[in-house]
Amino acid sequence: MELSNADMARVLTQALPYIQKYDGKTVVIKYGGNAMIDEELKSAVMCDAVLLAAVGVRVVLVHGGGPEITATLQRMGKESRFVGGLRYTDRETAEVAQMVLAGKLSKDLVAAIGRHGGRAVGLCGMDGGLFEARKKQSDTDLGFVGEIAAVNTAVVEDALHSGYIPVIATVGTDREGNVYNINADTAAAALAGSLGAENLILMTDVRGLLENPGDESTLIADVGIASLPALIEQGIVSGGMIPKCECCAAAVREGVGHTVIIDGRIPHSILIELFSDKGIGTLFH
Ligand SMILES: Nc1ncnc2c1ncn2[C@@H]1O[C@H](COP(=O)(O)OP(=O)(O)OP(=O)(O)O)[C@@H](O)[C@H]1O
Ligand SMILES: [Mg+2]
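Each residue is numbered by its place in its chain's sequence as written, counting from 1. Lettering of chains starts at A and numbering of ligands starts at 1, both following the order in which they are written. Local features in this predicted model are restricted to residues of pLDDT 70 or higher, and side-chain atom pairs are both shown and tallied only at a pLDDT of 80 or more, whereas totals for entire chains, interfaces and linings draw on every residue. Excluding hydrogens and water, the side-chain figures rest on all heavy atoms present in the structure.

Chemist: Could you clarify how one ought to interpret the site of ligand 1 in this entry?
Modeler: Surrounding ligand 1, one finds 21 residues, the nearest of these being K30, T204, D205, I236 and K244. As used in this structure description, the phrase polar contact means that two N or O atoms lie within 3.5 Å; if the pair is within protein, one of them must be able to donate a hydrogen and the other to accept it, and residues adjacent in sequence are counted only when both atoms belong to side chains. Contact distances for ligand 1 include 2.9 Å between an oxygen atom and a side-chain N or O atom of K30. Within the side chain of T204, a nitrogen or oxygen atom sits 2.6 Å from an oxygen atom of ligand 1. Cavities and pockets were defined on a 1 Å grid built over protein atoms only: a cavity is a set of grid points that admits a 1.4 Å probe from which the probe cannot escape, a pocket is an open set flanked by protein on both sides within 12 Å along at least five of seven lines, and lining residues are those with an atom within 4 Å of any such point. Cavities and pockets are treated as containing a molecule whenever more than half of the molecule's atoms lie within 2 Å of their grid points. Under a 2 Å grid-point criterion requiring more than half of the atoms, the pocket assigned to ligand 1 is the largest pocket. Comment: elements are numbered from the N terminus, with helices defined as DSSP H or I runs of at least four residues and strands as E runs of at least two. The set of elements that each furnish at least two residues to the shell around ligand 1 consists of α3 (66-75), β11 (199-204) and α8 (241-253). Taken together, the residues of the shell around ligand 1 break down into nine nonpolar, eight polar and four charged. Residues are counted as near a molecule or strand when any one of their heavy atoms sits within 4 Å of it. Three classes are used, and their members are as follows: Ala, Val, Leu, Ile, Met, Phe, Trp, Tyr, Cys and Pro are nonpolar, Asp, Glu, Lys and Arg are charged, and the others, Gly among them, are polar.

Chemist: Whenever I open this one, the packing of aromatic side chains confuses me. Can you help?
Modeler: The relation between two aromatic rings is expressed through the spacing of the ring centres and the mutual angle of the planes. Any pair of Phe, Tyr and Trp rings, taking the six-membered ring for Trp, is counted once the centres come within 6.5 Å. Such a pair is stacked with planes under 30 degrees apart, edge-to-face with planes over 60 apart, and tilted for the rest. Under the counting rule described, the total for this entry stands at one aromatic pair. Consider the rings of F144 and Y180, whose centres lie 5.7 Å apart with planes at 50°: the pair is tilted. Of the two residues, F144 is situated in the loop between β6 (131-135) and β7 (145-151) and Y180 in strand β10 (residues 179-182); the sequence distance between them amounts to 36 residues. When the ring centre of Y88 is taken as origin, the NZ or CZ atom of R81, which lies over that ring, is 4.8 Å away. One Lys or Arg, R119, reaches over the ring of Y164 and ends 4.2 Å from the middle of that ring. Charge-over-ring placement is defined geometrically: NZ (Lys) or CZ (Arg) within 6 Å of the ring centre, and within 35 degrees of the ring normal.

Chemist: I keep staring at the environment of G118 and nothing clicks. Help me out?
Modeler: Mapped onto the elements, G118 comes out in the loop between α4 (91-115) and β5 (120-124). For every residue, the accessible area obtained with a 1.4 Å probe (protein chains only) is divided by the maximum for its type, and the residue is called buried under 20%, exposed over 50%, and partly exposed between those limits. For G118, a relative accessible area of 17% corresponds to the buried category. As for G118 and V50, which are separated by 68 residues in sequence, their C-alpha atoms are 5.3 Å apart. The contact rule is simple, with two residues in contact once any of their heavy atoms fall within 4.5 Å. When near neighbours in sequence (up to four residues on either side) are disregarded, G118 contacts V50 and I113.

Chemist: What's the story with the packing of helix α6 (residues 184-195) against α8 in this structure? I'm lost.
Modeler: Axis angle and axis distance: for two packed helices, these are the angle between their axes and the distance between the axes, and together they describe the pair. In this analysis an axis means a line fitted to C-alpha atoms, helices contributing only their contacting stretch, and an angle means the value between N-to-C directions, from 0 to 180 degrees. Where α6 contacts α8, the axes come no closer than 8 Å and their chain directions differ by 5°. Our classification of the angle between α6 and α8 gives roughly parallel. Each of D185, T186 and A189 in α6 lies in contact with α8, whose residues at this interface are P243, K244, C247 and A251. Should an angle lie under 35 degrees it is considered roughly parallel, over 145 roughly antiparallel, and from 65 to 115 roughly perpendicular; all remaining angles are considered oblique.

Chemist: Would you mind going over the layout of surface pockets with me for this structure?
Modeler: Grid points are joined across faces, edges and corners, and a volume is the space filled by probe spheres set on the points. Roughly 650 Å³ of internal volume is contained in the largest pocket. Counting residues per element, the ones that place at least two in the lining of the largest pocket are α3, β4 (86-87), β10, α6, β11 and α8. Of the residues forming the lining of the largest pocket, the biggest block, four residues, is contributed by α3. Grouping the constituent residues of the lining of the largest pocket by class yields eleven nonpolar, 15 polar and five charged.

Chemist: Would you explain the state of the cysteines in this entry?
Modeler: Each disulfide consists of a covalent bond between the sulfur atoms of two cysteine residues. Two cysteine sulfur atoms make up a disulfide if the distance between them is within 2.5 Å. Counted according to the given criterion, the structure contains zero disulfides. Here C124 stays unpaired: no disulfide links it, and the sulfur of C247, its closest cysteine neighbor, is 19 Å away. For C124, a relative accessible area of 7% translates into the label buried.

Chemist: How should I be thinking about α4 in this particular structure?
Modeler: Note: α-helices contain 3.6 residues per turn, so residues at a spacing of three or four share the same orientation. A helix is expected to span 1.5 Å multiplied by its residue count minus one. For α4, built from 25 residues, the straight-helix expectation of 36 Å at 1.5 Å per residue is met to within 8% by its first-to-last C-alpha distance of 35 Å. Most pronounced at L105, the bend in α4 amounts to some 25°. Fitting one axis to the seven residues ending at a residue and another to the seven starting there, the bend at that residue is the angle between the two axes.

Chemist: Teacher, can you tell me more about the environment of E211 here?
Modeler: Within the fold, E211 resides in the loop between β11 and β12 (222-223). Here the alpha-carbon distance between E211 and L231, two residues 20 residues apart in the chain, equals 8.8 Å. If sequence neighbours within four positions are ignored, E211 has contacts with T218, I220 and I236.

These values are about where atoms sit, not about what they do.
What follows is the structure, encoded as structure tokens:
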């Protein structure tokens, strides 16, 4: 559909207050799920990131890559096993995660941003000591699944200061040199807290947090973090949504102003979320 000149002018002027609001603010975007597999959606997400950076937003892109890790492991004849939404990670799986996330996906995204006329730099948790990791403690052993022991934002701040969009793969090491695979939602939330971000946007492959995970019409538009443990206990929140909700709660507690899960299947969902009054997805408070 072609927009008339008048409509085009209206759209642009309506975005003005939002552009002013976010000028110089930090927005951390976790990019994952289907939006990462579909080339058209990927291009739209990179376009949004470049547009935001062009109008003065400090955009930080943290990416997942679960399906590509699973596919690479499959090619190597290795099956993936998930416990509470997290991948059991032996040493070989951690190596594959490092290769796929930091070696391939991160660089593909940097190149895609370049094609949209933006400037990006690929980083992982080891660069500049960004994420110091430790083994995640849980009832069932998860192997080299890491949690974040410390965040050192200097390398991200430097990249932003130099006009680059940092594209971050969430592998990190401990002081002994063990490599850990860190859930990208968790890492994005920790980074948003440490950077004092205004917004944390987690893109996923559903509309947001659902009352009934099988029914997309049951979107919970906003949720208080105090009610999350009960939702997990009741099994309403399961799988990959557990770490997602837990890290949203952590981000809210750390003072990230606006923490949302949005539907990455909608083209340009980031722009709609930031530059309009349309609340899409689930807002955590
Ligand atoms: N109550 C719920 N509401 C919405 N989704 C839920 C709920 N409970 C479980 N889920 C599942 O959580 C999934 C989202 O988490 P998942 O980890 O699979 O994706 P992602 O984090 O977007 O991608 P990646 O892990 O690859 O970065 C949904 O696709 C859905 O199957
Ligand atoms: Mg996930």
